[in-house]
Amino acid sequence: MPYRVALLCGGDSPEREVSLKGGAAVKKALLSLGHEVAVFDPPRDLPRLAERAAEFDAAFLVLHGPGGEDGTIQGFLDSLGLPYQGAGVLGSALAIHKGLSRLLYQAAGLPVPPGEVFSAREREGIPDFCAALGYPVVVKPASQGSSLGLSVVRGPEELPSALSQAFALDREVVVEKFLSGREITVGVLGDAALPVVEIIPRESDHFDYRTKYTPGAAQEICPAEIPEDLSRKAKEYALSAHQALRLRHYSRTDMIIHEGEIYLLETNTIPGMTETSLLPLSARAAGLSFEELVERLLLMALEG
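Nothing here was measured: the structure is a model prediction, and the numbers come from that model.

About the criteria used
- Residues numbered from 1 in each chain as written.
- Predicted model: local features only at pLDDT ≥ 70, side-chain atom pairs only at ≥ 80, totals over all residues.
- Heavy atoms only, no water.
- Helix = DSSP H or I, 4+ residues; strand = E, 2+ residues; numbered from the N terminus.
- Contact = heavy atoms within 4.5 Å.
- Areas by Shrake-Rupley, 256 points an atom, 1.4 Å probe, with all protein chains shown as cover.
- Lys, Arg positive; Asp, Glu negative; His and termini not counted.
- Charge placed at Lys NZ, Arg CZ, Asp CG, Glu CD.
- Phe/Tyr/Trp six-rings, centres within 6.5 Å; stacked < 30°, edge-to-face > 60°.
- Buried < 20%, exposed > 50% of the residue type's maximum accessible area, 1.4 Å probe, protein only.
- Arc of directions from axis to C-beta.
- Pairing = 2+ DSSP bridges.
- Axes fitted to C-alpha atoms, helices over the stretch in contact; angles between N-to-C directions.

Structural notes on the overall build of the chain
Counting its secondary structure elements, the chain contains 11 helices and 13 strands. Projected onto the principal axes, the alpha-carbon positions of the chain cover approximately 60 × 45 × 35 Å. The long-range fraction of contacts in the chain, counting pairs at least 24 apart against all pairs at least 6 apart in sequence, stands at 67%. As displayed, the chain has an accessible area near 12,800 Å², and 51% of this comes from carbon and sulfur atoms. Taken together, the 28 basic and 41 acidic charged side chains of the chain have centroids lying 2 Å from each other.

Encoded structure:
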C-alpha cells in the first residue's frame, strides 16, 4: 500500500551534509517502493510542514545531531500527531547525551570506559582528572554525533586544544580513558540485533569524523570476524543498551573490544542511511536490501 511520507533531512547541526546525503538515498528508496514523498529541511520548512501535516501518513527522519536526534523534532512531530520512526522524545534526549547514556549503561550492568562528564565551569579540574586517569584519554562533546569534536589526547600538552574544540560544540564534555582495540558496531532492528560490523580505520587510530565520511578511509567487515562468544555478547549489549535508553524501532551502538572485553561507547538513535552506511550494511548481511530496510522502518513508524 502506498503511503504519503514527509521526509525530514538537512537540519542545522554540523552533520547537515551527511543528513542530506542519507535523505537522498531514502527518498530514492521510498519512491521506488511506490510511496509519495515530500522533503522538508527543518531550518526553513517546519511552518510549511505544520500547515500540511494532515496530508501525510508518517514522517521519515534522516536527521543527525542536535535538533534531529535530541528529541526536539520528535516533540514537534508528536504535537502534530504525525508518526515517525525511531526513538521518541525521552529516548532521543537520553541517547544523545553521552554522559547520561553512560550512567544508564552502567545501571544496566554494561561496561563503559572509565571517565566522567564535565561542564564548562568544571573545566579547571579536568587536567588533574586526566592525570589520575592516565593518558591517553578521549575528550568529546557530550551531545554531538559522528565523532565531531572528538580528540584522542596523548599527553597534558594536547589537552587545552582538545578541550577548546569540544567546548566549542557543547557546554559539557565527556573525558574517558582511551581504550585501544577492535572497533565494532551493532544495529538493532525491532527486537533483534543485526550482524556485528567491525570498523578498521586505515589512516587513523580511531573512527573519527574524517574516517567515517571519507571513501576508503576505513574497512568495514560484516559479519565481523570475531569469536562467536564475543559476537553474541556484543548483540546482547546492543539490545540491553537499546532498552536501557528507552529506544524503539532501531538503533546502532558503537563498542570497542579491549583486552577481550567489550566496552560501550555510544548509541545512535537515527543511524546513517546512505546505502553504504553501517546499519544498512548489517541489515544487508541479515538479508534485507536497503529498500526493504526503509520499508520496515516506515511500517514501524505507522505501527507506533
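After that view of the structure, there is still more to cover.
Some details on the packing of aromatic side chains
Under the counting rule described, the total for this entry stands at 2 aromatic pairs. A ring pair is formed by F40 and F56, whose centres lie 5.6 Å apart and whose planes are at 90°; its orientation type is edge-to-face. Note that F40 is positioned in strand β2 (residues 36-40) and F56 in the loop between α2 (42-52) and β3 (58-62), a separation of 16 residues in sequence. As far as burial versus exposure is concerned, F40 and F56 are alike and both buried.

Things to note about α2
Three or more residues of α2 are buried, namely P42, D45 and L49. An end-on view of α2 places all buried positions within 85° of arc, on one side of the element. Turned more than 90 degrees off the buried face of α2, the exposed positions are R44, P47 and E51. Lining the buried residues of α2 we find β1 (4-9), β2 and α3 (72-80).

A short note on the pairing of β3
Among the 5 residues in β3, 5 count as buried, and that is most of the element. In terms of strand pairing, β1 meets β3 through 5 bridges, oriented parallel. From the neighbouring strand, A6 faces β3, where its bridge partner is A59.

Some details on unusual backbone geometry
Leaving glycine aside, a negative phi is the common case for residues, and trans is the common case for peptide bonds. In this structure, the amide linkage connecting Y135 to the following residue, P136, adopts the cis form with an omega of 0°. Tracing the backbone through its elements, the reader meets P136 in the loop between α6 (126-133) and β5 (137-141). The linkage connecting C222 with the following residue, P223, adopts the cis geometry, with an omega of 0°. Within the secondary structure layout, P223 lies in the loop between β11 (218-221) and α9 (228-244). Positioned with a positive phi, R246 is a non-glycine residue whose angle comes to about 60°. Turning to its location among the elements, R246 is positioned in the loop between α9 and β12 (250-258). Its relative accessible area of 53% is what places R246 among the exposed residues.

Remarks on the sheet that holds strand β6 (residues 151-153)
Pairing in this open sheet of 4 strands is antiparallel, and the strands run β4-β7-β5-β6 from one edge to the other. The open sheet has two edge strands, β4 (115-119) and β6, and neither has a second partner. Within the sheet, the average angular offset between the axes of one strand and its neighbour, ignoring direction, is 25°. Examined bridge by bridge, β4 and strand β7 (residues 172-177) share 5 bridges and lie antiparallel to one another. Pairing of V117 across the sheet is with V174, part of β7.

Concerning the sheet that holds β2
One open sheet holds the 3 strands; their spatial order is β2-β1-β3, and the pairing between them is parallel. Only two strands of the sheet have a single partner each, and these edge strands are β2 and β3. Within the sheet, the average angular offset between the axes of one strand and its neighbour, ignoring direction, is 25°. Contacts from helix α1 (residues 16-32) reach β1, β2 and β3 within the one sheet, and its direction differs from that of β1 by about 165°.

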